[in-house]
Amino acid sequence: MELVFGLLNRVWILTGLSDLTNDKRSRKMEDKALEVYDVIRTIRDPEKPNTLEELDVVTEKCVEVQELGDEEYLIIIKFSPTVPHCSLATLIGLCLQVKLQRCLPFKHKLEIYITEGTHSTEEDINKQINDKERVAAAMENPNLREIVEQCVTEPDD
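Residues numbered from 1 in each chain as written. Predicted model: local features only at pLDDT ≥ 70, side-chain atom pairs only at ≥ 80, totals over all residues. Heavy atoms only, no water.

Looking up the protein chain in an unreviewed UniProt entry gives the name Cytosolic iron-sulfur assembly component 2A, with the organism given as Phoxinus phoxinus. UniProt annotates the protein chain under Subunit (unreviewed entry) with the comment "Monomer and homodimer. Component of the CIA complex. Interacts with CIAO1. Interacts with IREB2. Interacts with APAF1." Taken directly from UniProt, the Sequence similarities (unreviewed entry) text for the protein chain runs: "Belongs to the MIP18 family." (UniProt positions renumbered as here; feature names shortened; annotations may be inferred.)

Right, here's the structure in full:
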C-alpha cells in the first residue's frame, strides 16, 4: 500500500498536480483572509472616530488563515495598537473577538495577538483576549458590552 501511495505522490509531483493543488489551497486561504479582513477593518476605535483600518491597527497582512480540516479554519490576527502604552488594546482585542464570532459564516478557531514589540504589556493582553472565560465575563459587564457594541456595529446597521 505504501508503494502505491509513493508512486501516486511521484506522479502528482511529476505532472504538476501537486503544485496545482497547493496553489488552489493557497488561494483559498488568501480569499478567507480577505473575508476576515473585510469583517474587522470597519471596527471603530473606542477612543477615536476612526476605524481600525484607518488607524493601521489592522491591515490585510495582519490576518492569516490556516486550514484545520474539512471547512474548518484557524484564524490568526496580529493587530498593532497606535501607541505602545495603549490602554484600550484589550478592548480592541475584545471587539475583534466579538465581531468575528458573530460575522464569520464558516467554522473557525480564533487566535488574536498584539504584534510583537508594539505594546508594553503584550503578553498579558494576549492571554486575556484569548481566554474564553475572560471574554465571556467581560461581555457580561453592561458598560463594556455597550462600548463593544458601538465599536463593532456597522454605521448602516
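Predicted coordinates in areas of low pLDDT are best not read in detail. On average, residues of the protein chain score 87 in pLDDT, and 85% of them reach the 70 mark or higher. Within the protein chain, helix 1 (residues 2-15) has the poorest average pLDDT of any element, 52, and strand 2 (residues 72-79) the best, 96. (pLDDT = per-residue confidence, 0-100. Helix = DSSP H or I, 4+ residues; strand = E, 2+ residues; numbered from the N terminus.)

Here the structure, examined in full by the defined rule, presents 1 aromatic pair. Ring centres 5.2 Å apart and planes at 80 degrees place the aromatic pair Tyr73 and Phe106 in the edge-to-face group. Of this pair, Tyr73 sits in strand 2 while Phe106 sits in the loop between helix 3 (89-103) and strand 3 (107-114), placing them 33 residues apart in sequence. As far as burial versus exposure is concerned, Tyr73 and Phe106 are alike and both buried. (Phe/Tyr/Trp six-rings, centres within 6.5 Å; stacked < 30°, edge-to-face > 60°. Buried < 20%, exposed > 50% of the residue type's maximum accessible area, 1.4 Å probe, protein only.)

A separate point is the nonpolar core. Ranked by size, the top nonpolar core spans 40 residues in total, and within it Val36, Ile40, Val58, Val63, Ile77, Phe79 and Leu96 carry the most contacts. If you list the elements that add at least two residues to this core, you get helix 2 (17-40), strand 1 (63-69), strand 2, helix 3, strand 3, helix 4 (122-129), helix 5 (132-140) and helix 6 (142-152). If one sorts the elements of this core by residue count, helix 3 sits on top with 8 residues. What Val63 contacts, discounting residues up to four positions off in sequence, is Ala33, Val36, Tyr37, Ile40, Ile76 and Ile77. (Core = buried A, V, L, I, M, F, W, Y, C linked by side-chain atoms within 4.5 Å. Contact = heavy atoms within 4.5 Å.)

Glancing now at the layout of surface pockets. Estimates place the volume of the largest pocket at around 260 Å³. Taken together, Gln97, Val98, Gln101, Arg102, His108, Lys109, Leu110, Ile129, Asn130, Lys132 and Val135 make up the full set of residues lining the largest pocket. Elements with a contribution of two residues or more to the lining of the largest pocket: helix 3, strand 3 and helix 5. At 4 residues, the largest contribution of residues to the lining of the largest pocket is made by helix 3. Tallied by class, the residues present in the lining of the largest pocket amount to 4 nonpolar, 4 polar and 3 charged. (1 Å grid on protein atoms, 1.4 Å probe; cavity = no way out; pocket = protein on both sides within 12 Å on 5 of 7 lines; lining within 4 Å. Points joined across faces, edges and corners; volume = space filled by probe spheres on them. Nonpolar A, V, L, I, M, F, W, Y, C, P; charged D, E, K, R; others polar.)

The subject of this paragraph is the environment of Thr59. Tracing the backbone shows Thr59 in the loop between helix 2 and strand 1. Taking the C-alpha atoms as reference points, Thr59 and Arg41, separated by 18 residues in sequence, lie 7.5 Å from one another.

What follows deals with the sheet that holds strand 3. Strand pairing in a sheet relies on backbone hydrogen bonds. The paired strands run either parallel or antiparallel. Spatially, 1-2-3 is the arrangement adopted by the 3 strands of the open sheet, whose pairing is mixed. Two strands in the sheet have a free side with no partner beyond their single neighbour: strand 1 and strand 3. Adjacent strand axes in the sheet meet at a mean angle of 20 degrees, parallel and antiparallel pairs treated alike. Taken together, the 6 bridges between strand 1 and strand 2 define a ladder with antiparallel strand orientation. Note that in strand 2 the partner of Glu67 across the bridge is Tyr73. Here helix 3 sits on the sheet and contacts strand 2 and strand 3; the angle it forms with strand 3, its principal contact strand, is near 165 degrees. (Pairing = 2+ DSSP bridges. Axes fitted to C-alpha atoms, helices over the stretch in contact; angles between N-to-C directions.)

A word on the environment of Leu110. Mapped onto the secondary structure, Leu110 falls in strand 3. By relative accessible area, Leu110 is classed as buried at 13%. Between the C-alpha atom of Leu110 and that of Asn130, which follows or precedes it by 20 residues, the distance is 8.0 Å. Not counting residues up to four positions away in its chain, the partners in contact with Leu110 are Ile75, Ile77, Gln97, Leu100, Gln101 and Asn130.

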